[in-house]
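Letter by letter, the chains look like this.
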Amino acid sequence: MKLRHVSRAALFGLALCTGLTAASPAVAPQLAVLAQVEPGQWQLRETGTSAPPRAMCVADPAMLLQLGHPGASCSRFVIADTAGSATVHYTCPGAGHGRTTLSIETPRVLHVATQGIAGGLPFDHDFEARRLGACAPR
């Protein structure tokens, strides 16, 4: 069987079509909703539970997309993006995956619904997030 010369462009196109490309590093998608979210100290209260709220310093609003995998290096795929909400699916090699929908009520009040697999176990959380103010100095 003769091997024909194949251009790099053709190989790249084949890789795209067959999904053989490497996952991109964790680069936050440019979402319309994230541009409206103010960085700072946020309180996340899980709806439907009596669990105490948790506080987090949000330097980059994209942090809210991966609440099930904080700090993990994950690739992201934008499913929907409007001015009022966005849905993102993310995959963290060796750590699991998730799907988050972020809906904005105001730049200081958000609804975050996230579900997926982390550490081999499923998670499904629904949070109301409220901005409290600036992050405390370190």
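All of these numbers come straight from a predicted model, not from anything done at the bench.

Undergrad: Quick question: what am I supposed to make of the environment of C57 here?
TA: Along the chain, C57 turns up in strand β2 (residues 54-58). Here the alpha-carbon distance between C57 and R131, two residues 74 residues apart in the chain, equals 9.5 Å. Contacts of C57, omitting those with residues within four sequence positions, involve G40, Q41, M63 and C135.

Undergrad: Just to check I follow, could you spell out the state of the cysteines for this structure?
TA: In a disulfide, the sulfur atoms of two cysteines are covalently bonded to one another. Scanning the model with the defined rule gives 2 disulfides in all. Across the disulfide, C57 is cross-linked to C135 (sulfur-sulfur distance 1.9 Å). One disulfide, between C57 and C135, carries an S-S torsion of 105 degrees and so falls in the right-handed class. One end of the pair, C57, is in strand β2; the other, C135, is in the segment after β7 (121-133), with 78 residues separating them in the sequence. A relative accessible area of 34% means that C57 is categorised as partly exposed.

Undergrad: Hey, could you run me through the sheet that holds strand β3 (residues 75-81) in this one?
TA: Paired through their backbone hydrogen bonds, the strands of a sheet run either parallel or antiparallel. Spatial ordering of the open sheet is given by β2-β1-β7-β6-β5-β4-β3, a layout of 7 strands whose pairing is antiparallel. The outermost strands of the open sheet, each flanked by one partner alone, are β2 and β3. If you compare each strand with its neighbour and ignore which way they point, the axes differ by 25 degrees on average. As paired elements, strand β6 (residues 109-118) and β7 share 10 bridges and run antiparallel to each other. Each bridged residue has a counterpart across the sheet, and for L110 the counterpart in β7 is A129.

Cut-offs used in this document
- Residues numbered from 1 in each chain as written.
- Predicted model: local features only at pLDDT ≥ 70, side-chain atom pairs only at ≥ 80, totals over all residues.
- Heavy atoms only, no water.
- Helix = DSSP H or I, 4+ residues; strand = E, 2+ residues; numbered from the N terminus.
- Contact = heavy atoms within 4.5 Å.
- Disulfide = S-S within 2.5 Å.
- Buried < 20%, exposed > 50% of the residue type's maximum accessible area, 1.4 Å probe, protein only.
- Pairing = 2+ DSSP bridges.
- Axes fitted to C-alpha atoms, helices over the stretch in contact; angles between N-to-C directions.

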